[in-house]
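Below are the chains, spelled out letter by letter.
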Amino acid sequence: MVLPLISVLLGFVLGSLIVILTGRSPVSMFAAILKGFSGIDILNGQPINTRYIGEFIIQAMPIILTGLSFAFAMRTGLFSIGAEGQLMVGSIAATAVALFVQAPRFIHLPLVLLAAIAGGALWGAIPGFLKARYNVHEVVVTIMMNYIALHFNNFMILHVYGSADHIKTAPFPDTALLKSQFLESITRYSRLNWGFIPVILAAIAFAFIINKTTFGYSLRAVGYNKEAARYAGMKVSRNIILSMAIAGAFAGLAGGVITVGTFNFGRVIPSAEGYGFDGIAVALVGSNQALGIVLAGMLFGGLKAAQPLMQSQGIPREIAGIIQASIVLFVAMKYGIKMILDKFERKQAPTTEGDRV
Amino acid sequence: MTFEIVLQMFPIALMFAAPIILTALGGLFSERSGVVNIALEGIMMVGAFAGATVTVVLETKVPAAAWLGLLAGLLAGVIFSVLHAVASINLKADQVISGTALNILAGGVTVYLSQIIFHQQRTLAFSNGIRQISVPGLNKIPIIGRMFFDQVYPTFYIAIFLVLLTWFVVYKTPLGLRMRACGEHPQAAASMGINVVKMRYFGVLVSGAFGGLGGAVMVLTADIQYTLASIHGTGFIALASLVFGRWNPFGVLGAGFFFGFSSALSFYAKDIKFLSDLPAEFFYILPYLLTIIALLFFAGKSVGPKASGEIYDSGKR
């Protein structure tokens, strides 16, 4: 619990140092971050603008889901970098159902999200299968599948769904959208929508499957020690495939939430948008726990929401990515940081035995 | 006539192959010393950014600025890889997580610096990258001349030279033997008096040098400026080439050719009869798809360094 917080702190310190070294003001960076989270404009003394809160939640939703995705696979001992691609396939599936199915909203919208989940699960199951059956390392395969999904998405939009302007599809019917007039009106017409409900449900499902079911237990067992799990009679191959498929399902849902929530059309994507890598950061900082992931997702979502504000303050928006990457790096160094902390503590409180190091 | 197209493809295929081979050789050093380097993509990005920046800034002032760009890319790669070395060797970070962090960091740092230096999210375009050359005499050899010595980027020859050098260092010198020992069984190596930490530093820093050079080569031959999409997964393809080439320099060379051609195919597909009807996206997908198939081909035959990816714990038996 303490280590992720220290990592976050160190990340912000390093980010501020870089801002100072490049001749910009860290004060305006933190002001932009505060505004991104709360809508409070501390530099100009403006009161809370709820629109910013809405936009910040919009940014947090997909990366909480990709965080859950990465963490779920990680719990089974798999390092999946595939959330980005699974998200895209989820949005390809969601786009198809949104465009070509006609139904009242209470049927159409769930169908869209289910399609997204199924698309992501399928895309996740492929590397899972290759890992389980042929022992192909999931890291490289999932990365390759991301690029395949990207170009597959563009192919589907341009050649199958049809796009008049070669950028996006026709707009979806309202029955397929997560849009909410009520939520928009209380946040000064931000893009806030019902998408946060499936996100919360997903986090609860994650915690439930991992902590409360025998299936989750056997997944974790495979993660701790594959051979021991096999010896105990658990179906290791099946668990690997299912774990990757469920991880894919979370990421696929993120694609659905973006496609029919943040946007209302399918999009041609020129290059990876980084939701997958954001998810890795979110999961690592959240210690692969549902609650931690939600909190970390909100942290990085707020940072993302603050990016345009930083840019308008003359601070390159990429500082957010730099801070995020350094936080991940510090989390990864947890053994090292712990060693340093231990040494520090021993120096602070010398025991009676005396320390002979 | 199809053979004519294959001949035409050679310079482009070699252009794409050179950065893949260089970066994969870097990965070879790192993994042979026992450190998985998934940060190759990020190292290439940093090298490409440095290469493009130095070329843009110096090309009006000095001749052959692009060659200084290559050098800058190499140095930037070394500096950036120090982070991976410190994190994964000294601070015992999970090597895959540390590499992932570096990949995210590379995207942030390069575009951040572009904004500071050029006030936009990419570097300015350079007008003189690395030029194609023809080797006089050799390019007159029938067929072979057209394949390897006519209108070829000289960076390809650098790649070939480094393949030979890598082979010599890794297999024929005491240094190479010690480095390989650290990748197979670091505790045993340490018991023979080898400094594992030093060896692993050597492996990671060389991978930074080669990866940074690879990135600079890529941007200065295949691009006109550095953007966030300049490297687009080539570092990961290099990583796959390492597996495909079975952690052997000549295997890496072969794998690099393979991926070079699969990239070049998308440029020439429209001229080849039975391929011209396929959508462009198919050819964009091809290198990545072939990578997965290649991995599948060599799956299960674990020939990589045994201790690669393991945190070095000197107390472990």
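Each remark here, short or long, concerns the structure printed above.
Residues numbered from 1 in each chain as written. Chains lettered and ligands numbered in written order. Predicted model: local features only at pLDDT ≥ 70, side-chain atom pairs only at ≥ 80, totals over all residues.

Asks: I tried to follow the overall build of chain A on my own but got confused; where do I start?
Replies: The helix and strand inventory of chain A stands at 15 helices and 0 strands. Here the C-alpha radius of gyration of chain A, 22 Å, is about what a compact globule of 357 residues would show, namely 21 Å. C-alpha extents for chain A along the principal axes are approximately 75 × 65 × 35 Å. When each of the 357 residues of chain A is scored for burial, the buried share is 54%. Within chain A, contacts between residues at least 6 apart in sequence are counted, and of these 76% link residues at least 24 apart. (Helix = DSSP H or I, 4+ residues; strand = E, 2+ residues; numbered from the N terminus. Rg over C-alpha atoms; globule rule 2.2 N^0.38 Å. Buried ≥ 20, exposed ≤ 12 C-beta atoms within 10 Å, placed from the backbone. Contact = placed C-beta atoms within 7 Å.)

Asks: Would you mind going over the nonpolar core with me for this structure?
Replies: The biggest cluster of nonpolar side chains holds 219 residues, and the ones touching the most others in it are Ile64, Leu65 and Val328 of chain A together with Ile21 of chain B. Those residues within four positions of Ile21 of chain B in sequence are excluded, and the remaining contacts are Ala159, Val163, Val252, Leu253 and Gly256 of chain B. Core analysis: the second largest hydrophobic core is formed by 7 residues, Ala181, Val196, Met199 and Tyr312 of chain B among them. (Core = buried A, V, L, I, M, F, W, Y, C linked by C-beta atoms within 7 Å.)

Asks: Mind showing me how you'd approach helix H14 (residues 319-332) of chain A here?
Replies: Note on helix geometry: an α-helix contains 3.6 residues per turn, so any two residues three or four positions apart are oriented the same way. For H14 of chain A, which comprises 14 residues, the first-to-last C-alpha distance of 20 Å matches the rise-based estimate of 20 Å (1.5 Å per residue) to within 8%. Summarising burial for H14 of chain A: 14 of the 14 residues are buried, a large majority. (Expected span 1.5 Å × (residues − 1).)

Asks: Please explain the interface of chain B and chain A as it appears in this structure.
Replies: When the parts of a complex come together, some accessible area is lost, and that lost area is often used as the size of the interface. At the interface, 40 residues of chain B touch 37 residues of chain A. It is helix H4 (residues 95-118) of chain B that provides the largest number of residues to the side of chain B that touches chain A, a total of 14 residues. Broken down by class, the residue content of the side of chain B that touches chain A amounts to 27 nonpolar, 10 polar and 3 charged. (Nonpolar A, V, L, I, M, F, W, Y, C, P; charged D, E, K, R; others polar.)

Asks: What is the right way to look at the environment of Leu220 of chain B in this model?
Replies: Residues and elements named next belong to chain B. Examined against the element boundaries, Leu220 turns out to sit in helix H9 (residues 196-222). In this structure, the C-alpha to C-alpha distance between Leu220 and Ala66, residues 154 residues apart in sequence, is 7.1 Å. Sequence-distant contacts of Leu220, defined by excluding residues within four places in its chain, comprise Gly51, Thr55, Ala66, Gly69, Leu70, Gly129 and Ile130.

Asks: What is the right way to read unusual backbone geometry from this model?
Replies: In this model, Arg188 of chain A sits at a positive phi of 50 degrees, which is unusual for a non-glycine residue. Residue placement: Arg188 of chain A occurs in the loop between helix H7 (181-186) and helix H8 (196-212). Not every positive phi belongs to a glycine, and Gln151 of chain B is a case in point at roughly 55 degrees. Here Gln151 of chain B is to be found in the loop between helix H5 (144-148) and helix H6 (155-172). What makes Gln151 of chain B partly exposed here is the crowd of 15 C-beta atoms within 10 Å.

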